[in-house]
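Chains, contacts and geometry: an overview
Okay, here's what each chain looks like letter by letter:
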Amino acid sequence: MEADVLKQALGIDVAKDTLAVCLVSLKADLEKVFTAIGDVANDSSGFRKITDWLAKVGAGKEKLVVVMEATGVYHEALAVHLHQQGYRVSVMQSGRVKRYAQSLDQRSKTDALDSRMLAMLGCERKLTAWSPPDKTLRRLKALSRERSSLLKQRNIENNRLHAAETAAYSNKKEVRRYARRLKLLEEQLKEVEQEMRELVAADGKLAQKMKYLESIPGVSFLSAATVVGETCGFHEISSAKQLTSYAGYDVVLKESGNFRGSTKISKKWNKHIRSMLHMPSMAAIRVNPTLRVFYQRLKPNKAKPIVALVAVQRKLLLLMFSLYKKDEFYTPLPQQKTARALGPCCAG
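What this report covers is the structure whose coordinates are included nearby. (Residues numbered from 1 in each chain as written. Predicted model: local features only at pLDDT ≥ 70, side-chain atom pairs only at ≥ 80, totals over all residues. Heavy atoms only, no water.)

Let's shift gears to the layout of surface pockets. In this structure, the largest pocket occupies an estimated 1,600 Å³ of space. Along the walls of the largest pocket sit 47 residues, with Ala-70, Val-91, Gln-93, Glu-236 and Tyr-246 positioned nearest its centre. Listed by contribution, the elements that provide at least two residues to the lining of the largest pocket are helix 2 (76-84), strand 5 (88-92), helix 3 (94-102), helix 5 (135-166), helix 9 (240-246) and helix 10 (271-287). When grouped by side-chain class, the residues that make up the lining of the largest pocket number 16 nonpolar, 17 polar and 14 charged. Here the second largest pocket defines a volume of roughly 530 Å³. Lining the second largest pocket are 17 residues, and of these Lys-264, Ile-265, Val-307, Val-310 and Ala-311 lie nearest its centre. Of all elements in the fold, only strand 9 (264-265), helix 10 and helix 12 (305-326) reach the threshold of two or more residues within the lining of the second largest pocket. Grouping the amino acids of the lining of the second largest pocket by side-chain chemistry returns eight nonpolar, four polar and five charged. (1 Å grid on protein atoms, 1.4 Å probe; cavity = no way out; pocket = protein on both sides within 12 Å on 5 of 7 lines; lining within 4 Å. Points joined across faces, edges and corners; volume = space filled by probe spheres on them. Helix = DSSP H or I, 4+ residues; strand = E, 2+ residues; numbered from the N terminus. Nonpolar A, V, L, I, M, F, W, Y, C, P; charged D, E, K, R; others polar.)

Take a look at the structure:
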């Protein structure tokens, strides 16, 4: 490779079956040189074709960063393969990629153009290196997603069963079929939840960290397991602000000229965390001394009680993050412990 190359970035646009690949080299005079190959298969043969091509064009690992967008599960095998081969990999969230793409004078959208855009992003920005999450945590995430899907299916079948039972012309055979499906869903839910418990129990370090989160009043094992699984043990999350954004609890405000919009949470990225934290937040405002006071202070100032409840959910998530990282059990604030010890007559 030429000595005047300052940096190289390989942009890979990931689809279910194919990969579009583009390499950009940034030279000393800041000129960008693009090199691309045709689409390759999104499987092990395609991965080998990419690494062989990189070696052929002389792309050195010390100057190269591989950039791809997080696309469900379809990018994972490629990212793991390249990481194992010693390449520096950066997996970008779709929001950041979209905002960068909007800054370019690019009206068309194809896989080839997207790979070129990702290569430019890697060349121009300093990106955080990606590393594979722990296999146990990855499995825990898959199980929590499966449980969430089963819960939704159970609610749907419950509604259908109720409709079939109360219809004017109810069909007994139809009702029995709905009942059998519900029984199967209940059995599978129990099986998945038991597998989650066994998975955590088999990892001593993870089991201890789960106890830290379960020490928070209002947080159950399933709630903690979902949050830990969805974040892969808060893997690559280094700050409360980053976690808030990842869970969609970041507050956004739109104003322009005389228009004054209301503040609201973005509800972007991980909806599974927000969905799971609803019930723990309901429990927390009753049994958690810290969050109960927090909720009671916010509620009178909000137009709707749900706004204060969402603030509790955010607070609960950040508390779980702090305890997990610090390896600490939950303890209420000193003044709240004193008030609780004195009893309800003196708590006010």
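This next bit is on the nonpolar core. Burial of nonpolar side chains together is a common tendency in soluble globular proteins. Formed by 49 residues in total, the largest nonpolar core has its most connected members in Met-196, Met-210, Val-228, Leu-277, Leu-317 and Met-320. Looking at this core, the elements that each hand over two or more residues are helix 5, helix 6 (172-201), helix 7 (204-214), helix 8 (221-230), helix 10, helix 11 (289-298) and helix 12. Examining the composition of this core, we find that eleven residues originate from one element, helix 12, more than from any other. Setting aside residues up to four positions removed in sequence, Leu-317 forms contacts with Val-227, Leu-243, Ala-247, Tyr-249, Ile-273 and Leu-277. Formed by 23 residues, the second largest nonpolar core is a distinct cluster that contains Trp-53, Met-68, Val-89 and Val-91. (Core = buried A, V, L, I, M, F, W, Y, C linked by side-chain atoms within 4.5 Å. Buried < 20%, exposed > 50% of the residue type's maximum accessible area, 1.4 Å probe, protein only. Contact = heavy atoms within 4.5 Å.)

Below, the discussion takes up the sheet that holds strand 4 (residues 64-69). In spatial order, the strands read 3-2-1-4-5; together these five strands make up an open sheet with mixed pairing. Two strands close off the open sheet at either side, each with one partner strand: strand 3 (32-41) and strand 5. Across this sheet, the average inter-strand angle for adjacent strands is 20°, counted without regard to direction. Where helix 1 (residues 44-57) meets the sheet, its contacts fall on strand 1 (5-14), strand 2 (18-27), strand 3 and strand 4, and the angle it forms with strand 3 comes to roughly 155°. (Pairing = 2+ DSSP bridges. Axes fitted to C-alpha atoms, helices over the stretch in contact; angles between N-to-C directions.)

A few words now on the pattern of salt bridges. For the structure shown, the criterion picks out ten salt bridges. Across the salt bridge formed by Lys-32 and Glu-124, the nearest N and O atoms sit 3.4 Å from each other. On the criterion of sequence distance, the pair formed by Lys-32 in strand 3 and Glu-124 in helix 4 (residues 111-124) is long-range, its members being 92 residues apart. We classify Glu-124 as partly exposed; its relative accessible area is 39%. Here the salt bridges do not stand alone but share partners, grouping Glu-157, Arg-160 and Arg-181 into one network. (Salt bridge = Lys/Arg side-chain N within 4 Å of Asp/Glu carboxyl O.)

Note that strand 2 and strand 3 share eight bridges and pair antiparallel. Of the residues in strand 3, the one forming a bridge with Val-21 is Ile-37.

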